[in-house]
Amino acid sequence: MTDTSPKAAEDTTRSAPGPDEAPARRRSVVARRVRNRLVHLLIVLLAVTFLSFVAVDLLPGDAAVVVAGDNATPAQVQQVRAELQLDRPLPVRYLDWLGGVVQGDLGRSFRTGQPVAEALAQRIPVSFEIAITAQILALLIAVPLAVYSAYRPGRLVDRTSMTLGFGAAAIPQFVFGMVLIVLFAGGMTSILPATGYTAFFDDPLGNLRSIILPCLTLMIAEAAVYRQLLRSDMISTLQENFILMARSKGLSPRTILLRHALRPSSFSLITLSGVNIGRLLGGTVIVETLFAIPGLGQLIVQSVFNRDYMILQGALLFVAVAYVVINMIIDLVYLVLDPRVRRDA
């Protein structure tokens with residue numbers, strides 16, 4: 001039996017948020033989500049920086065020997081080790097380095113004396129441009145193919161794109177890159193440069209020509225994964241009741257696909273594409289080495305071979321920060337795209 005007493009009615013009125021309370025509640029949810037993610041960000045970064053610092057310290061070889069030279073005497077090596085402060089305990093060196101990071105000082109290169117922040121500032125824009133361009137190309141190819149394949153599953157376009165996608169994802173990046181070099185930068189078909197990088201502000205057209213092959217090498221496997229992921233999600237979404245309702249209203253297939261099915265099907269794609277941007281920023285080692293691109297990946301390889309631990313530690317720190325920050329941004333984007341996330345937060 002329903003309680004219709006004035007007290008029950010008053011309690012019901014109090015529990016239901018008024019129109020003025022809803023925006024305030026949403027802002028509170030967003031603020032709480034941001035605060036929690038920032039705390040998580042700090043914890044993850046502390047863990048990642050310490051583990052990477054330990055891993056770098058365990059690399060074979062001695063940075064003092066590399067800096068002093070092969071012909072240096074043991075006394076000279078010991079002197080260099082003291083100058084580089086490599087003779088101190090690892091926890092002390094980590095805390096000293098972390099204190100400098102908090103103040104914006106990432107240290108200096110053991111070999112060249114160049115500030116680490118300056119070296120990273122020269123390399124990060126190159127890797128960022130290649131990663132973003134590759135992601136945009138992958139999405140421009142994957143999204144239309146996925147939408148059409150979900151609308152017409154099992155047809156020629158669906159089967160062909162799936163077969164080509166599986167084949168592209170199975171080919172290692174360095175193999176695909178070498179194939180592109182042979183096709184477009186070798187012999188009679190030398191229409192694109194095989195190696196090197198031209199800055200955009202120096203020569204926009206030259207910049208475009210220098211990044212085409214690296215971007216194609218990175219994007220081919222990404223496009224295949226994105227296409228398959230979005231196709232599967234859209235096929236599931238097209239079977240939902242609200243899609244049947246939209247069809248019963250006589251809406252066109254294009255409107256149903258683009259306005260009603262694509263948005264709820266894109267959450268997994270947004271997550272994966274965002275994660276991949278952070279991964280590609282530090283994971284372009286093979287591509288940048290193959291095409292001689294002076295980016296962050298090439299800098300990491302050089303710092304490992306040169307035992308330049310400060311450069312390597314700064315690069316790893318940036319990759320970790322980029323990865324975690326991008327994931328936090330994606331998490332906040334969900335608050336805008338999906339009301340269910342705001343209710344669960």
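This structure is a prediction, so every number in the text was calculated from the model and none was measured.

About the thresholds
Residues numbered from 1 in each chain as written. Predicted model: local features only at pLDDT ≥ 70, side-chain atom pairs only at ≥ 80, totals over all residues. Heavy atoms only, no water. Core = buried A, V, L, I, M, F, W, Y, C linked by side-chain atoms within 4.5 Å. Buried < 20%, exposed > 50% of the residue type's maximum accessible area, 1.4 Å probe, protein only. Helix = DSSP H or I, 4+ residues; strand = E, 2+ residues; numbered from the N terminus. Contact = heavy atoms within 4.5 Å. Patch = residues over 30% accessible without salt bridge, like charges linked within 9 Å, V, L, I, M, F, W, Y side chains within 5 Å. Areas by Shrake-Rupley, 256 points an atom, 1.4 Å probe, with all protein chains shown as cover. Salt bridge = Lys/Arg side-chain N within 4 Å of Asp/Glu carboxyl O. 1 Å grid on protein atoms, 1.4 Å probe; cavity = no way out; pocket = protein on both sides within 12 Å on 5 of 7 lines; lining within 4 Å. Points joined across faces, edges and corners; volume = space filled by probe spheres on them. Nonpolar A, V, L, I, M, F, W, Y, C, P; charged D, E, K, R; others polar.

Undergrad: Give a description of the nonpolar core that names residues and reports values.
TA: With 36 residues, the main nonpolar core has Ile130, Leu213, Leu218, Met234, Leu238 and Phe291 as its most contacted residues. Contributing elements (two or more residues each) for this core: α6 (116-151), α8 (173-184), α9 (204-237), α10 (241-248), α11 (253-265) and α12 (267-283). Filtering out sequence-adjacent residues up to four positions away, leucine 238 remains in contact with Ala150, Ile243, Arg247, Ile256, Leu257 and Ala261. One finds Leu86, Leu296, Ile300 and Met310 within the second-largest nonpolar core, a separate group that totals 26 residues.

Undergrad: Would you mind going over a nonpolar patch on the surface in detail, with residue names and values included?
TA: Together, Ile171, Phe174, Val175, Met178, Val179, Leu183 and Ile286 make up a nonpolar patch on the protein surface, roughly 550 Å² of accessible area in all. With five residues, α8 is the single largest residue contributor to the nonpolar patch. Positionally, isoleucine 286 belongs in helix α13 (residues 285-290). The exposure class assigned to isoleucine 286 is partly exposed, which follows from its relative accessible area of 43%.

Undergrad: Before we move on, could you go through the layout of surface pockets and cite the residues and values that matter?
TA: Considered as a void within the structure, the largest pocket measures approximately 420 Å³ in volume. In terms of lining, the largest pocket is formed by 21 residues, of which the most central are Leu84, Asp96, Trp97, Phe110 and Met310. Among the secondary structure elements, those contributing two or more residues to the lining of the largest pocket are α2 (21-57), α5 (90-102) and α15 (309-337). Counting residues per element, the lining of the largest pocket draws most heavily on α5, which supplies four residues. Looking at the lining of the largest pocket, its residues break down into nine nonpolar, five polar and seven charged.

Undergrad: Hey, could you go over the pattern of salt bridges for me, with residue numbers and the actual values?
TA: Counting across every chain of the model gives three salt bridges. Across the pair arginine 88 and aspartate 96 runs a salt bridge whose closest N-O atoms are separated by 3.3 Å. Judged by its relative accessible area of 28%, arginine 88 falls in the partly exposed class. Note that arginine 231 is salt-bridged to aspartate 158, the shortest N-O span being 2.9 Å. Linking arginine 231 in helix α9 with aspartate 158 in helix α7 (residues 156-170), this pair joins segments that are 73 residues apart in sequence. Accessibility classification places arginine 231 together with aspartate 158 in one group, the buried group. When salt bridges with common partners are traced through the structure, they connect Asp158, Arg227 and Arg231 into a single cluster.

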